[in-house]
Amino acid sequence: MTKQRIHRLVLSALLLALGLVLPFLTGQIPEVGSRLLPLHLPALLCGFVCGWPWGLAVGAVLPVLRSFLFGMPPLMPTALAMTFEMAAYGAAAGALYRRCNVYVSLVGAMIIGRLVWGVASWLLYAAFMPNGFSLAMFWAGGFVNAWPGMVLQLIVVPLIVTALKKAKLI
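Residues numbered from 1 in each chain as written. Predicted model: local features only at pLDDT ≥ 70, side-chain atom pairs only at ≥ 80, totals over all residues. Heavy atoms only, no water.

Focus: the packing of aromatic side chains
Right, on to step 1. Counted by the stated rule, this structure contains seven aromatic pairs.
Right, on to step 2. Note on Trp117 and Phe138: the rings are 5.9 Å apart at their centroids and 25° apart in plane angle, and the pair reads as stacked. In this pair, Trp117 sits in helix 6 (residues 102-128) while Phe138 sits in helix 7 (residues 135-144), placing the two residues 21 residues apart along the sequence. Each member of the pair, Trp117 as well as Phe138, carries the same accessibility label: buried.
Right, on to step 3. Note on Trp139 and Phe143: the rings are 5.2 Å apart at their centroids and 35° apart in plane angle, and the pair reads as tilted. Taken together, the positions of Trp139 and Phe143, both in helix 7 and four residues apart, correspond to about one turn of that helix.
Right, on to step 4. Each residue in the set Trp117, Tyr125, Phe133, Phe138, Trp139 and Phe143 is aromatic and connected to the rest through ring pairs, giving one cluster. (Phe/Tyr/Trp six-rings, centres within 6.5 Å; stacked < 30°, edge-to-face > 60°. Helix = DSSP H or I, 4+ residues; strand = E, 2+ residues; numbered from the N terminus. Buried < 20%, exposed > 50% of the residue type's maximum accessible area, 1.4 Å probe, protein only.)

What follows is the structure in structure tokens.
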């Protein structure tokens, strides 16, 4: 294993651990957590810092692992839909950052992740839930209720990525 690969593995593990702990800052109150989106930050950062494969892996593992360990988010349908969403966040952030600046990459990853979440939720609700997933649910869950977390991401992620880049850590 190369030194760079080990470095990315360690950073990915650190961001995964951060993703397990960060939601405790919202006090385990689902309403606050669903608005600030604390699980999204480590997946996005992992994509920027370690690249798209690592961002995809951390994003895919984090919601289900947290659901199994702490019971939040609920596994069905929330954590399963978030698995696809956050994997898309991490992968898109890493892939776009290779070609674009941090802001364009972040906004692109946020849009792609939300669309993936909508499709995954629609499929999960159609398969397992009696009342389905509507466009109103997509709009409310994806944008109206999540705007504070989206603003937080637009502020915090570029600051962290820029600081890490200036320090020549990425």
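Observations concerning the pattern of salt bridges
Right, on to step 1. Under the counting rule described, the total for this entry stands at one salt bridge.
Right, on to step 2. For Arg114, the salt bridge goes to Glu85, with nearest N and O atoms at 2.9 Å. Highlighted residues: Arg114 in helix 6 and Glu85 in helix 5 (residues 75-97), separated in sequence by 29 residues. Glu85 shares its class with Arg114; the two are buried. (Salt bridge = Lys/Arg side-chain N within 4 Å of Asp/Glu carboxyl O.)

As for helix 8 (residues 147-166)
Right, on to step 1. Given a rise of 1.5 Å per residue, 20 residues ought to cover 28 Å, and the 29 Å separating the end C-alpha atoms of helix 8 matches this to within 8%.
Right, on to step 2. Buried within helix 8 we find Gly149, Met150, Gln153, Val157, Pro158 and Val161.
Right, on to step 3. Lys168 lies just past helix 8 and shows a positive phi near 60°. (Expected span 1.5 Å × (residues − 1).)

Some points on the environment of Arg8
Right, on to step 1. Of note, Arg8 is situated in helix 1 (residues 3-21).
Right, on to step 2. Separated by 35 residues in sequence, Arg8 and Ala43 have C-alpha atoms that sit 13 Å apart.
Right, on to step 3. Among residues more than four places away in sequence, those in contact with Arg8 are Cys50 and Trp54. (Contact = heavy atoms within 4.5 Å.)

Observations regarding unusual backbone geometry
Right, on to step 1. In the segment running from Met72 into Pro73, the intervening peptide bond is cis, with an omega of -5°.
Right, on to step 2. Within the secondary structure, Pro73 sits in the loop between helix 4 (52-70) and helix 5.

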